[in-house]
Amino acid sequence: MSNPFQNRTLSLSGPARDIVPVTPADGVELADVAVALYVETGGVLVVKTVADTLRTVTVGDKSILPVGIKEVHATGTTATGIHGYVV
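Computed from a predicted model, the values in this text were never measured in an experiment. (Residues numbered from 1 in each chain as written. Predicted model: local features only at pLDDT ≥ 70, side-chain atom pairs only at ≥ 80, totals over all residues. Heavy atoms only, no water.)

Requested: an account of the pairing of strand β4 (residues 43-49), with residues and values cited.
Judged by how many residues are buried, β4 sits mostly within the fold: 5 of 7 residues are covered. Adjacent in sequence and paired antiparallel, β4 and strand β5 (residues 54-59) are bridged by 4 residues, among which D52 carries a positive phi angle near 60 degrees. Strand direction decides the pairing type here: β4 and strand β7 (residues 69-73), joined by 4 bridges, are antiparallel. Looking across to β7, one finds that V46 is bridged to H73. (Buried < 20%, exposed > 50% of the residue type's maximum accessible area, 1.4 Å probe, protein only. Helix = DSSP H or I, 4+ residues; strand = E, 2+ residues; numbered from the N terminus. Pairing = 2+ DSSP bridges.)

Mind laying out the sheet that holds β5, listing which residues take part and the relevant values?
The antiparallel open sheet is built from 4 strands, whose spatial order is β2-β7-β4-β5. The two strands at the open ends of the sheet, each matched to only one other strand, are β2 (29-34) and β5. Going across the sheet, the axis of each strand differs from the next one's by a mean of 40 degrees, ignoring polarity. The pairing of β4 with β5 spans 6 bridges and is antiparallel. Its bridge partner being in β5, G43 is matched across the sheet by V59. (Axes fitted to C-alpha atoms, helices over the stretch in contact; angles between N-to-C directions.)

I'd like a description of the layout of surface pockets, backed by residues and values.
By volume, the largest pocket amounts to about 150 Å³. P21, V22, L30, A31 and D32 are the residues nearest the centre of the largest pocket, which is lined by 14 residues in total. Those elements that provide at least two residues to the lining of the largest pocket are β1 (18-21), β2 and β8 (80-86). Counting residues per element, the lining of the largest pocket draws most heavily on β2, which supplies 5 residues. Looking at side-chain class alone, the lining of the largest pocket contains 10 nonpolar, 2 polar and 2 charged residues. (1 Å grid on protein atoms, 1.4 Å probe; cavity = no way out; pocket = protein on both sides within 12 Å on 5 of 7 lines; lining within 4 Å. Points joined across faces, edges and corners; volume = space filled by probe spheres on them. Nonpolar A, V, L, I, M, F, W, Y, C, P; charged D, E, K, R; others polar.)

Purely geometric stuff here, so don't read any function into it on its own.
Below, the structure written as structure tokens:
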């Protein structure tokens, strides 16, 4: 099978290279900064952005939040099924 991603230069404007499950944890950085989050079941998200700003947002079911995210906090987060898009 050919792999169209094999020689691709990673870019924020292109597709993510993977989607990884996110377990909310206060003050714990994600293994890789997420370029976006996908949320299966909506609710409140408490996140730290790549600008080092703590934000609280409410999202609906099956939402994509296209913001660079470093942390997803457990305290205050009610959304579930959170996944990070990584480059």
